[in-house]
Amino acid sequence: MQKQRKPSKKSLRSLDYLNVFLANVRDGVGPYLSIYLKASQNWNPAQIGMAMSVSTIATVIVQTPAGALVDRLRQKRMLIVLAAVFVSIGCIAIGLLPSLPVVIGSQIMIGIAAAIFPPAITAITLGLVGHERLDRRVGRNETFNHAGNLLAAVLAGLAGYFIARKAIFFLVAAMAVGSIISVRMIREREIDHELARGDGEEEDKEKHQQRYEGILELLSDRKILFFYCCSSSVSLCQCCYVTASWSRIGAG
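These remarks concern the structure in this document. (Residues numbered from 1 in each chain as written. Predicted model: local features only at pLDDT ≥ 70, side-chain atom pairs only at ≥ 80, totals over all residues. Heavy atoms only, no water.)

Let us now look at the overall build of the chain. For the chain, the helix and strand inventory stands at eleven helices and zero strands. For the chain, the succession of helices and strands along the chain, N to C, is α-α-α-α-α-α-α-α-α-α-α. In the chain, buried positions account for 41% of the 252 residues. For the chain, the accessible surface area stands at approximately 14200 Å², while carbon and sulfur atoms represent 62% of it. (Helix = DSSP H or I, 4+ residues; strand = E, 2+ residues; numbered from the N terminus. Buried < 20%, exposed > 50% of the residue type's maximum accessible area, 1.4 Å probe, protein only. Areas by Shrake-Rupley, 256 points an atom, 1.4 Å probe, with all protein chains shown as cover.)

Written as structure tokens, this is what we have:
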């Protein structure tokens, strides 16, 4: 039987803070980018659509390798740090140099980071609290994530109104720094890395000796491949709808 995990209050609070800060960091500035590019930089819809789409495409492409990387490496906190650095650099670059090549490159970086955050946070959460308390802890993570969304929306509105439109990019970069500090406060020794990758149930280990399959073998399953194509199509369609909607709003 799996032993009940008892992480320290410091690690659990730090996980709370991490979810608050990452609420507005996971996807960068999101739909606001299309408004900014339309209203402040006078980009045409084709350029805006390209800038918004590359982030989603990068996330879809990197999602599976990112999950495998999180499973394989023990440095899960460092992966979150690197992803947050990617988002911070991307947002600052867009705010300072909003040219097409810079925005495209920055959006690709943000898209890659967006693929790393979810599996890394889930793995750290599982490694800290174990299977028995995972459902309650995931609910708590989402609570703080939504609280972070609300906080970020208020701060972004204030920054855009009283400072400048581009201040929102630097706000996201600042929240990325906050997420780096928070994840570094989680105690590494309290994370069970075997448990974090889905192991830890001794009875399951004896009954089911699972092996890791390569990407090509995974994609040979038609059901998984069909699901992958459908989910990718939905993501790309959502990106187009959001871009068109916010572009019209930005145009007045």
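With that settled, the discussion passes to the environment of Gly 95. Examined against the element boundaries, Gly 95 turns out to sit in helix H4 (residues 76–96). Setting aside its immediate chain neighbours within four residues, Gly 95 contacts Tyr 36, Lys 166, Phe 169 and Phe 170. (Contact = heavy atoms within 4.5 Å.)

Of all the eight residues making up helix H2 (residues 32–39), six are buried; the element is thus mostly covered by neighbouring parts of the structure. Those residues of H2 that fall on the buried side of the exposure criterion are Tyr 32, Leu 33, Ser 34, Ile 35, Tyr 36 and Leu 37.

Here we take up the packing of aromatic side chains. Applying the stated criterion across every chain, the model contains four aromatic pairs. Judged by centre distance (6.0 Å) and plane angle (55°), the ring pair of Tyr 32 and Phe 169 falls under tilted. Of the two residues, Tyr 32 sits in helix H2 while Phe 169 sits in helix H7 (residues 167–185), which places them 137 residues apart along the sequence. Take Tyr 32 and Phe 169: they sit in the same class, and that class is buried. (Phe/Tyr/Trp six-rings, centres within 6.5 Å; stacked < 30°, edge-to-face > 60°.)

Opposite charge on two side chains permits them to pair, given that their charged atoms come into close proximity. Throughout the structure, instances matching the rule amount to four salt bridges. In this structure, Arg 140 engages Asp 16 in a salt bridge whose closest nitrogen and oxygen atoms are separated by 2.8 Å. Highlighted residues: Arg 140 in helix H6 (residues 134–162) and Asp 16 in helix H1 (residues 9–22), separated in sequence by 124 residues. With a shortest N-O distance of 2.9 Å, Arg 77 and Glu 188 are connected by a salt bridge. With Arg 77 in helix H4 and Glu 188 in the loop between H7 and helix H8 (193–196), this residue pair connects regions lying 111 residues apart in the sequence. When salt bridges with common partners are traced through the structure, they connect Asp 16, Arg 137 and Arg 140 into a single cluster. (Salt bridge = Lys/Arg side-chain N within 4 Å of Asp/Glu carboxyl O.)

Turning our attention to the packing of H4 against helix H5 (residues 100–129). It is the contact of H4 with H5, at a shortest axis distance of 8 Å, that shows an interaxial angle of 155°. When the axes of H4 and H5 are compared, the pair comes out roughly antiparallel. Crossing handedness for the pair H4 and H5: left-handed. Across the contact of H4 with H5, the residue classes tally to 22 nonpolar, three polar and two charged. (Axes fitted to C-alpha atoms, helices over the stretch in contact; angles between N-to-C directions. Parallel < 35°, antiparallel > 145°, perpendicular 65-115°, else oblique. Left-handed = near helix turned anticlockwise from the far one by under 90°. Nonpolar A, V, L, I, M, F, W, Y, C, P; charged D, E, K, R; others polar.)

Attention now goes to helix H3 (residues 45–72). Here H3 contains 28 residues, and its C-alpha end-to-end distance of 41 Å stays within 8% of the 40 Å for a straight helix at 1.5 Å per residue. Along its length, H3 shows its largest kink, about 45°, at Gln 63, and proline Pro 65 lies within four residues downstream of that point. The opening residue of H3 is Asn 44, an N-cap whose side-chain oxygen sits 3.1 Å from the backbone nitrogen of Ala 46. (Expected span 1.5 Å × (residues − 1). Bend = angle between axes of the 7 residues up to and from the residue. Polar contact = N/O pair within 3.5 Å; in protein donor to acceptor, adjacent residues only side chain to side chain.)

Moving on: the packing of H1 against H7. Interhelical geometry of H1 versus H7 gives an angle of 160° and a closest axis separation of 8 Å. Comparing their axes, H7 and H1 come out roughly antiparallel. Where H1 crosses over H7, the two elements pack in a sense that is left-handed. In this structure, H1 uses Lys 10, Ser 14, Tyr 17, Leu 18, Val 20, Phe 21 and Leu 22 to contact H7, whose residues at the interface are Met 175, Gly 178, Ser 179, Ser 182, Val 183 and Met 185. Broken down by class, the residue content of the contact of H1 with H7 amounts to eight nonpolar, four polar and one charged.

Don't take any of this as a statement about function, it's just geometry.
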